[in-house]
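# Structure assessment
Each chain, letter by letter, is given below.
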Amino acid sequence: MRIDLHTHSRASDGTQSPTELVHAAVAAGLDVLALTDHDSAEGWAEAASAADASGLRLVRGMEISTRHQGQGVHLLAYLPDATYPPLAAELERVLEGRRSRVPGMLAALRAAGVDLTEDDVDRVSGHSAASGRPHVADAMVAVGVVADRTEAFERWLSPGRPGYVDRYAAPLRETIRLVTEAGGVSVVAHAWGRRSDERPDAEAFAELAGLGLAGIEVDHQDHTPSARERLRAIARDLDLVVTGSSDHHGLGKVDHDLGCHTTAPEELERLLDLAAAASAASGRETPDVV
Ligand SMILES: [Zn+2]
Ligand SMILES: [Zn+2]
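Now for a look at the structure at hand. (Residues numbered from 1 in each chain as written. Chains lettered and ligands numbered in written order. Predicted model: local features only at pLDDT ≥ 70, side-chain atom pairs only at ≥ 80, totals over all residues. Heavy atoms only, no water.)

### Focus on the coordination of the zinc ion (ligand 1)
Distances from the zinc ion (ligand 1) to its protein donors, namely Glu63 (OE), His74 (ND1) and His190 (NE2), fall within the range 2.1 to 2.2 Å. Metal-to-metal, the separation of the zinc ion (ligand 1) and the zinc ion (ligand 2) is 3.5 Å; Glu63 coordinates the two. Of this pair, Glu63 sits in strand 3 (residues 57-68) while His74 sits in strand 4 (residues 71-78), and the two are eleven residues apart along the sequence. Overall, His74 belongs to the partly exposed group, its relative accessible area being 24%. (Donors = N, O, S within 2.8 Å, 3.2 Å for Na, K, Ca; no water. Helix = DSSP H or I, 4+ residues; strand = E, 2+ residues; numbered from the N terminus. Buried < 20%, exposed > 50% of the residue type's maximum accessible area, 1.4 Å probe, protein only.)

Printed below as a string of structure tokens:
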């Protein structure tokens, strides 16, 4: 059983439609796929019907941009009722922050001598609900300013670079609570990412676990083997679920092929049980896993 619990479609910044993503997952030999677009459930319906037709199990999820102790933390939310009004309102705030960020970035880039228009961005994003930095990066590639997304981020769009603009992120503690209230479960994505400071640390994870955090994404391309080992130990100590995933973005991110990291079946079962418990406690219906 091969399980990949973190992927993106064109409903955020992936390059495949939800249907194409599901077909690619089947071709990659996956049995279970989670669709986790940024701050959006927009791709769920299409992915569910494609999964239904192809025998793949789909776990509906999303990756929420949050902030904790001054740093950005991506929070994977699995099986929340996305129509739960307080969660929907928070997602809308994040998306609005992302939308208003693009004009801000274009102005900053223009001031730095890179002339890019909103039309250039719309052309590569397909007017995505979650248009943001990756789409600006793609537009820079399309007009030939940079060779690829990586160069766009490193030279222009990362914090401290000329095209960087800050934006709203949901408070992490509050978001964990909202996801639970919505009948879902939350997992910190690529917890230590490419950062070297190893935050959140064990103590912070203990506090988050007390607030309802269900798991840590340990096996991810952005983690070194030693970071994985230490995160796995933290998860074990706190009885948190351990996940592994590709963070696939279609052609939008190299070296993140579907199934390059996977989640053990018993860890998925724990997540599903926790989601069922959250759903029973909140009265919010957990979306089916088809
Ligand atoms: Zn992420
Ligand atoms: Zn992601």
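This is not the end of the story, as more comes after the structure.
### Details of the coordination of the zinc ion (ligand 2)
Of the protein atoms, only His6 (NE2), His8 (NE2), Glu63 (OE) and Asp247 (OD) coordinate the zinc ion (ligand 2), at distances of 2.1 to 2.2 Å. Taken together, the four donor atoms coordinating the zinc ion (ligand 2) span angles of 80 to 170° at the metal, a pattern that classifies the geometry as irregular. Counting gaps between the donor residues of the zinc ion (ligand 2) yields the pattern H-x1-H-x54-E-x183-D. Residue classification places His6 among the buried positions, given a relative accessible area of 0%. (Tetrahedral: all angles 85-135°; square planar, octahedral: opposite > 155°, others 65-115°.)

### As for the layout of surface pockets
Estimates place the volume of the largest pocket at around 1,600 Å³. Contributing to the lining of the largest pocket are 49 residues, with His74, Arg133, Phe153, Arg194 and Lys253 lying nearest its centre. Class assignment of the residues belonging to the lining of the largest pocket gives a composition of 15 nonpolar, 17 polar and 17 charged. (1 Å grid on protein atoms, 1.4 Å probe; cavity = no way out; pocket = protein on both sides within 12 Å on 5 of 7 lines; lining within 4 Å. Points joined across faces, edges and corners; volume = space filled by probe spheres on them. Nonpolar A, V, L, I, M, F, W, Y, C, P; charged D, E, K, R; others polar.)

### Some remarks on the pattern of salt bridges
Within this structure, the stated rule accounts for 18 salt bridges. Its salt-bridge partner being Arg99, residue Glu92 comes within 2.6 Å of it at the nearest N-O pair. The class of Glu92 is partly exposed, set by a relative accessible area of 40%. Classification of Arg99 as partly exposed rests on a relative accessible area of 33%. One salt bridge connects Arg149 with Asp138, and the closest N-O pair in it is separated by 2.8 Å. In this pair, Arg149 is assigned in helix 6 (residues 149-157) and Asp138 in helix 5 (residues 133-142), connecting sequence segments eleven residues apart. (Salt bridge = Lys/Arg side-chain N within 4 Å of Asp/Glu carboxyl O.)

### Concerning the environment of Trp156
Here Trp156 shows up in helix 6. Among the residues examined, Trp156 registers a relative accessible area of 12% and is labelled buried. Put simply, Trp156 and Ala137 are 19 residues apart on the chain and 8.7 Å apart in space, counted from C-alpha to C-alpha. In this structure, Trp156 is in contact with Leu109, Ala112, Val114, Met140, Val145, Val146, Glu151, Arg161, Pro162, Gly163 and Tyr164, ignoring residues within four places of it in sequence. (Contact = heavy atoms within 4.5 Å.)

### With respect to the environment of Glu151
Inspection of the secondary structure assignment puts Glu151 in helix 6. If we ignore the near neighbours within four places in the chain, the residues touching Glu151 are Val146 and Trp156. A distance of 2.8 Å separates a polar side-chain atom of Glu151 from the backbone nitrogen of Ala147. In this structure the side chain of Glu151 is engaged in a polar contact, spanning 2.7 Å, whose partner is the side chain of Arg155. (Polar contact = N/O pair within 3.5 Å; in protein donor to acceptor, adjacent residues only side chain to side chain.)

### Focus on the packing of helix 1 (residues 18-27) against helix 2 (residues 44-54)
Two numbers describe how helix 1 lies on helix 2: the axes approach to 8 Å, and their chain directions differ by 35°. By crossing handedness, the relation of helix 1 to helix 2 is classed as right-handed. Where helix 1 abuts helix 2, its residues Pro18, Thr19, Val22 and Val26 lie against Glu46, Ala47, Ala50, Ala51 and Ser54. When the residues that make up the contact of helix 1 with helix 2 are grouped by side-chain class, the tally is six nonpolar, two polar and one charged. (Axes fitted to C-alpha atoms, helices over the stretch in contact; angles between N-to-C directions. Left-handed = near helix turned anticlockwise from the far one by under 90°.)

### Description of the pairing of strand 2 (residues 32-38)
Counting buried residues in strand 2 gives seven out of seven residues, a clear majority hidden from the surface. What you see with strand 2 is no split at all: Val32, Ala34, Thr36 and His38 on one side and Leu33, Leu35 and Asp37 on the other are buried throughout. Bridge analysis of strand 1 (residues 3-4) against strand 2 gives two bridges, and the strand direction is parallel. The residue of strand 2 that forms the bridge with Asp4 is Leu33. A crossover connection joins strand 1 to the parallel strand 2 through helix 1; in handedness this β-α-β unit is right-handed. (Pairing = 2+ DSSP bridges. Right-handed = clockwise from strand over helix to strand, strands pointing away.)

In short, the description is geometric, and any link to function would need to be established separately.
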